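Each chain, letter by letter, is given below.
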Amino acid sequence: MDTIFALASAVGKAGVSVVRVSGPSAWDACSRLCGDIPAPRRTALRRLTDGAGQILDEALVLVFEEGKSFTGERTVEFHLHGSIAILRAVLRELGAMDEIRQAEPGEFTRRALEHDRLDLTQVEALADLIEAETESQRNQAMTVFAGALGQKVEAWREDLIFAASLLEVTIDFADEEVPVDVSDDVRAALLKVKSEVDRELAGVDAAERIRSGFEVAIVGRPNVGKSSLLNVLAGRDAAITSEYAGTTRDVIEVRMEIAGLPVTLLDTAGLREAADPVEKIGIQRARDRAELADLRVFLLEADETLDVSLRDGDIIRRSKGDLSGDAEAISASTGQGIDALVAQIGETLSERVQSSGLATRERHRLAFAEGSAALETALELLDFGPERYDIAAEEVRVSIRRLEALIGRVDVENLLDKIFSSFCLGK
Ligand SMILES: Nc1nc2c(ncn2[C@@H]2O[C@H](COP(=O)(O)OP(=O)(O)O)[C@@H](O)[C@H]2O)c(=O)[nH]1
Ligand SMILES: [Mg+2]
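Worth saying up front: this structure is predicted, and the values here are computed from it rather than measured.

Observations regarding the pairing of strand S8 (residues 252-258)
- Pairing geometry for S8 and strand S9 (residues 261-267), over seven bridges, is antiparallel. Bridge assignment links Glu257 to a residue of S9, and that residue is Pro262.

Considerations on the domain arrangement of the protein chain
- Here the protein chain is partitioned into domain 1 (3-114), domain 2 (127-203 + 359-407) and domain 3 (211-352).
- In this complex, domain 2 contributes nine residues to the contact, which on the side of domain 3 involves six residues.
- Regarding the contact of domain 2 and domain 3, the summed buried area is about 660 Å², with carbon and sulfur atoms giving 41% of it.
- Summed over the shared surface of domain 2 and domain 3, the result is two salt bridges.
- Asp128 is paired through a salt bridge with Arg211; the nearest N and O atoms lie 3.3 Å apart.
- Counted by class, the side of domain 2 that touches domain 3 contains no nonpolar, five polar and four charged residues.

A few points about the site of ligand 1
- The environment of ligand 1 is made up of 17 residues, and the closest members are Asn223, Lys226, Ser228, Ala332 and Ser333.
- At 3.5 Å, a backbone N or O of Glu243 approaches an oxygen atom of ligand 1.
- Taking Ser333, its side chain carries an N or O atom lying 2.7 Å from a nitrogen atom of ligand 1.
- Computed on the free molecule, ligand 1 has an accessible area of 570 Å², of which 83% lies beneath the protein chains in the complex.
- Within the residue set of the shell around ligand 1, elements represented by two or more residues are helix H8 (226-234) and helix H10 (321-324).
- It is H8 that contributes the most residues to the shell around ligand 1, three residues altogether.
- The residue inventory of the shell around ligand 1, partitioned by class, reads four nonpolar, eight polar and five charged.

Conventions adopted
- Residues numbered from 1 in each chain as written.
- Chains lettered and ligands numbered in written order.
- Predicted model: local features only at pLDDT ≥ 70, side-chain atom pairs only at ≥ 80, totals over all residues.
- Heavy atoms only, no water.
- Pairing = 2+ DSSP bridges.
- Helix = DSSP H or I, 4+ residues; strand = E, 2+ residues; numbered from the N terminus.
- Domains from an automatic or database assignment.
- Contact = heavy atoms within 4.5 Å.
- Buried area = accessible area lost by both parts, 1.4 Å probe.
- Salt bridge = Lys/Arg side-chain N within 4 Å of Asp/Glu carboxyl O.
- Nonpolar A, V, L, I, M, F, W, Y, C, P; charged D, E, K, R; others polar.
- Near = heavy atom within 4 Å.
- Polar contact = N/O pair within 3.5 Å; in protein donor to acceptor, adjacent residues only side chain to side chain.
- Areas by Shrake-Rupley, 256 points an atom, 1.4 Å probe, with all protein chains shown as cover.

Given below as structure tokens:
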């Protein structure tokens, strides 16, 4: 296997930047930069020099043995001063060495998978962890990265292997009249796993939302104060507000965190019969996005009645409470009712992620659905008695294989390119 290197931290000026080198030649290659390398996991300061003896930087050098690094290979990390010139010089020196090459995006993590340092769900979770912007995303990604989904699948796998082998033993000894009825034990094991798989399956939607975020649309007539509300919630002037009706035409998006959840707030054109062609397009967009949004906040004028059908969770508020004196209304000018509105949005969305489990992706959903369906079939076959045990056992094996694919034990080569394509260079 090649030895690879890459900048592991972000590009640009920083206090510290990390360059990682991994593979069989990592130690040798790096010792040409920093003289003798420190003992494994004994951090030491070293002076890095180029071929001509010119000092490139003074860096912390971390050395990991095979089997004890992130990738599972011999690894060296240089913690450099985070200057663009230093990075360029060090990467140039490494690039000039014949025995090592620049890593592909995600290649370090791919090696971690190949060396069984991580299972496939952990690899995905690592990508999510790096993308995480909110508390809920961090928690979710960290739980899976710590191995929770993999452990769950392992436990199911053991139960299913037990069930399949009980059936297979019965088949093998069918002629010898072993008078044991395994069907109760098998049925209990299959039902237990199936109910747990189904519970995870039911939580995929919610978990997926934590990962990808919610859209909350502010909807209402022109001039009711939608853009002003967006700005108050965002804490900045993201949208233009004015006393002229029809000011907002495009959909304006602001990303924020509410109750720890990732939320994209949408400000839209006011709904009315418009003559202006551009405003008309804006209004159509407003309707479309509001339709697709996870949650809608309807802003009403003091005397307005709502004439749309509400969806579960939709929120209604009157605006400009400072003018009308309505204590129930919100006011973008004074801040009245804004905290309560945010709290209500947060509670509504939090309720929707309550059922979230560890499975967060379409890939997981598919594996669970197929695994569960195979168990369903196996349970039905069980009712026909021992003469169907062979095909029942085969269905249990199908289920095991589906779940194994989830953690990357089998059938995953074709998946890997897709999964690793989301990684950045140096990870
Ligand atoms: N007094 C008062 N004026 C507001 C409030 N919210 C918005 N406005 C004003 O109402 C007008 C329309 O607001 P805007 O946010 O552009 O409404 P939009 O068309 O629904 O986006 C602007 O002149 C705002 O300054 C409020 O809470 N109190
Ligand atoms: Mg507006």
